[in-house]
Amino acid sequence: MFKVINKENLAKEVTKIVVKAEQIARKAKAGQFVVVIVDERGERIPLTLADWDKDKGTITLIFQKIGFSTKKLGSLNPGDKIEHILGPLGHPTEIKKWDKVVCIGGGVGIAEAYPVCRAFKEAGNYVIGIIGTRNKDLLILEKEMKKVCDELFITTDDGSYGEKGFVSDVLKRLSGYNFVYAVGPIPMMQAVSKITQEYHIKTIVSLNPIMVDATGMCGACRLRVGNCTVFGCVDGPDFDAHAVDFEELSRRLKIFTEAERKIDAQFNS
Amino acid sequence: MRQNVCQQPPKERIKNFSEVALGFSKKQAEIEARRCLQCKDPSCVKGCPVEIDIPGFIKLLKEKKRKEALKKIKEKNNLPAICGRVCPQEDQCEKNCVLNKKNMPINIGALERYAADYELTFFRLSFKIKQKLRTRVAVVGSGPAGLTCAADLARMGYQVVVFESLHLPGGVLTYGIPEFRLPKQIVRNEVEYIKRLGVEIKLNSLVGNTYSIEDLLSEFKAIFIAVGAGLPQFLGIPGENLNRVYSANEFLARINLMQAYKFPEYATPINIGKRVAIIGGGNVALDCARVAIRLGSDVTLVYRRSRTEMPGRKEEIENALAEGVVFKFLTQPVRIIEDEQGFVKGLECIKMELGEADASGRRRPVAVRSSNFILEIDTVIVAIGQRPNPLLVKVTPGLKTNEDGTIKVDEHLMTSITGVFAGGDIITGADTVISAMGAGKKAAVEIDNYIKSNIKS
């Protein structure tokens, strides 16, 4: 059992929880994730580590309450317990000195971009952050991102905060960078990838396919990268954006749509 | 006459996930126990990978001493309720039984189960551990090899901690074998027994990630790696990443581990259609087929050789047939066909014929030219085998492997890292529950020898 220490609603439908998980905190690195099972009958959901504190023995999870399990997780309060957490999983993001790095986070992906930004900054890079959401109410971690970025751009689809448009619009007009890291909705990662592909700039995306065990045993998370089938959980979650088959990834995310609707209705009633 | 166990009738059982084989009644067990010839030099024991004193426990059953019979079995086998259910006795003890010459071997499996199930209802067996040692040993993986090794070491007095990556213990016994063949309550009971021996089981602990082997070596005198063969194999044919193509591991893990058949009461879903194709001919393929039948689908099992070559247990093949699984032998899938949404809508296959014998001694299937045809199905489950789990090996420098991904060990089961042992499917490739248990037993002895020799020197 893992105790929820703190909880904060960061934006509409976006919740942050801090959970006691000493061993995971001890081992966590930027870009890794955990699998959470909220209660005895819960499913295994992968969530990226938004932060961790080795001294306090805590990890931070930030998630959007979009489905049954994330809503259940979001309904927990400090003092409540999460049944199971496994991690840290996946390869950490490869952090090295590229010089000028662009880190892009879309939607709740901002939470995943944050520790990666910080790690790149600590490695001595000049870090440009671009974060974007649909509207002002969904924006998270602006203050934190500012601290770890040398420059930070903010976009909203409707222009209710920052500049109107997409993160990719900002990327288009930037130059002089030699590495891009992007995490967020698939269309956003695809748009970013398209831009950098033209200039042959190394671009890494963090993918979140459907998983069950998340330890390489079931293959639910298989992806096509550079015409090879790989497993998101153990080969990823980071992949070369220019080699990822995004169409297949978005199609595979729809396998359980009907079931998700059904159980979600149950939560709401 | 050999006593056979009663089964749930096929028409009933395809509507539930309850156990198919119902086990012996008291009377049946007594009749069967009386049939045993009590051979002086019993050949059945030689067929048992964990060397249970088979005539010994059967004699006790004949004398109506069920508790003593169970104790006798547990001298050698820590998981008898599981072995009584899933061991291929027909290839092991029962094959060697002298009565097998008349095709009427003692039903040793059912007797073992009968003795073991006593513990489910009547009492909780535990063993007095003579001397408790301070020495700590880590076991990685709580499948049959890991649990067996942990139990044996605990009975020798060691402090044992088992690290399990999943949220439930049991490994393949929990995520792989379906409820109707091995009820999870049975697995829980056997695990409880092992805990009563003093073994600690740490769940949600993926060694390699949550703890490294180095971390464990700083706390434990020895480590036993028993992480099994959990890497699913795929066919490598077009369409394998379509929606509703599952590996057997994913399908079975959703059903057995996550209980997706009780969705939405349990939150993990499964999405299968009305017509399911299972690819493969082993026990895992048969398990998948019988699960799919219970989920209400029409099921076709596609196997590239003929029935004679099927590696699945005869009993399970018969069960699957009785439950309505259709077998398509000498059939090899070549392509999975998609609909407009990227879901499966068909399986293109080619007919095969048997040629010369191959390395496995079975006749090699050869494609019949221009014999392609399409099976109209909407779900594919690929059950063509598992390879050793590569995860721990990848992140553990110095842990050497063979070309097939199995971990290299010496004759004492020690790996290339001193004090780190390995056994079960991770060194042999996918094999039976009982051979993994045999490896767990051997590892316990080797680890004990290693620790004792280290103390002396």
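Residues numbered from 1 in each chain as written. Chains lettered and ligands numbered in written order. Predicted model: local features only at pLDDT ≥ 70, side-chain atom pairs only at ≥ 80, totals over all residues. Heavy atoms only, no water.

1. Some points on the overall build of chain A
Okay, step 1: Across its full length, chain A holds nine helices and 16 strands.
Okay, step 2: Relative to a compact globule of 269 residues, whose C-alpha radius of gyration would be 18 Å, chain A shows 18 Å and is just as compact.
Okay, step 3: C-alpha extents for chain A along the principal axes are approximately 50 × 40 × 35 Å.
Okay, step 4: The buried share of chain A, reckoned over its 269 residues, is 58%.
Okay, step 5: Taking the contacts inside chain A whose residues are at least 6 apart along the sequence as the reference set, 64% of them involve residues at least 24 apart.
Okay, step 6: Working note: accessible area of chain A is about 11300 Å², and carbon and sulfur atoms make up 47% of it.
Okay, step 7: Charge separation in chain A, taken as the distance between the mean sites of 38 positive and 35 negative side-chain charges, equals 2 Å. (Helix = DSSP H or I, 4+ residues; strand = E, 2+ residues; numbered from the N terminus. Rg over C-alpha atoms; globule rule 2.2 N^0.38 Å. Buried < 20%, exposed > 50% of the residue type's maximum accessible area, 1.4 Å probe, protein only. Contact = heavy atoms within 4.5 Å. Areas by Shrake-Rupley, 256 points an atom, 1.4 Å probe, with all protein chains shown as cover. Lys, Arg positive; Asp, Glu negative; His and termini not counted. Charge placed at Lys NZ, Arg CZ, Asp CG, Glu CD.)

2. Some thoughts on the nonpolar core
If you look at soluble globular proteins, the nonpolar side chains tend to sit buried side by side.
Okay, step 1: Core analysis: the largest hydrophobic core is formed by 72 residues, its most contacted members being B:Ile54, B:Phe57, B:Val160, B:Phe224 and B:Ile447.
Okay, step 2: Considering every element that reaches this core, the biggest residue donor is helix H18 (residues 433-456) of chain B, with nine residues.
Okay, step 3: Residues from two domains meet in this core; each of domain 1 (10-122) and domain 2 (136-230 + 389-456) of chain B gives at least three.
Okay, step 4: Ignoring sequence-local partners within four residues, the contact set of B:Val160 consists of B:Val137, B:Val139, B:Ala150, B:Leu153, B:Ala154, B:Gly198, B:Val199 and B:Glu200.
Okay, step 5: Within the second largest apolar cluster, 51 residues are counted, among which are A:Ile24, A:Phe63, A:Leu141 and A:Ile204. (Core = buried A, V, L, I, M, F, W, Y, C linked by side-chain atoms within 4.5 Å. Domains from an automatic or database assignment.)

3. What to know about a positive patch on the surface
Okay, step 1: Together, B:Lys26, B:Arg34, B:Lys62 and B:Lys64 give the surface a local cluster of positive charge.
Okay, step 2: Looking at the secondary structure, you find B:Arg34 in helix H2 (residues 26-35). (Patch = residues over 30% accessible without salt bridge, like charges linked within 9 Å, V, L, I, M, F, W, Y side chains within 5 Å. Salt bridge = Lys/Arg side-chain N within 4 Å of Asp/Glu carboxyl O.)

4. Here's the deal with the pattern of salt bridges
All names here are of chain B.
Okay, step 1: Within the structure shown, the criterion is met by 46 salt bridges over all chains.
Okay, step 2: Among the salt bridges present, the one from lysine 65 reaches glutamate 63, with a minimum N-O distance of 3.4 Å.
Okay, step 3: Look at lysine 65 and you get partly exposed, because its relative accessible area is 37%.
Okay, step 4: For glutamate 63, a relative accessible area of 35% corresponds to the partly exposed category.

5. Overview of the packing of helix H4 (residues 54-62) of chain B against helix H5 (residues 66-74) of chain B
Geometry of a packed helix pair, given as the angle between the helix axes and the separation of the axes.
Residues and elements named next belong to chain B.
Okay, step 1: Axis separation between H4 and H5 bottoms out at 8 Å; the angle between their running directions is 170 degrees. If you check the angle between H4 and H5, you find them roughly antiparallel. Judged by residue contacts, Gly56, Phe57, Leu60 and Leu61 of H4 engage Arg66, Glu68, Ala69, Lys72 and Ile73 from H5.
Okay, step 2: For the contact of H4 with H5, the class distribution of residues is five nonpolar, one polar and three charged. (Axes fitted to C-alpha atoms, helices over the stretch in contact; angles between N-to-C directions. Parallel < 35°, antiparallel > 145°, perpendicular 65-115°, else oblique. Nonpolar A, V, L, I, M, F, W, Y, C, P; charged D, E, K, R; others polar.)

6. Looking at the domain arrangement of chain B
Residue and element names in this part refer to chain B.
Okay, step 1: What the domain assignment lists for chain B is domain 1 (10-122), domain 2 (136-230 + 389-456) and domain 3 (233-386).
Okay, step 2: Between domain 1 and domain 2, the contact holds 24 residues from the first and 26 residues from the second.
Okay, step 3: Summing the contributions of domain 1 and of domain 2, the shared interface buries around 2100 Å²; its carbon and sulfur component is 69%.
Okay, step 4: Interface area lost by domain 1 to domain 2 is led by Asn78, Leu79 and Ile82, which between them contribute 30%.
Okay, step 5: If you look at where domain 1 meets domain 2, you find two salt bridges.
Okay, step 6: Note that lysine 74 and glutamate 190 form a salt bridge whose closest N and O atoms lie 3.7 Å from each other.
Okay, step 7: The interface formed by domain 1 and domain 2 contains eight residue pairs in polar contact (both at pLDDT 80 or more).
Okay, step 8: At the level of elements, helix H6 (80-86) and helix H8 (108-121) are the ones that each hand at least two residues to the side of domain 1 that touches domain 2. (Buried area = accessible area lost by both parts, 1.4 Å probe. Polar contact = N/O pair within 3.5 Å; in protein donor to acceptor, adjacent residues only side chain to side chain.)

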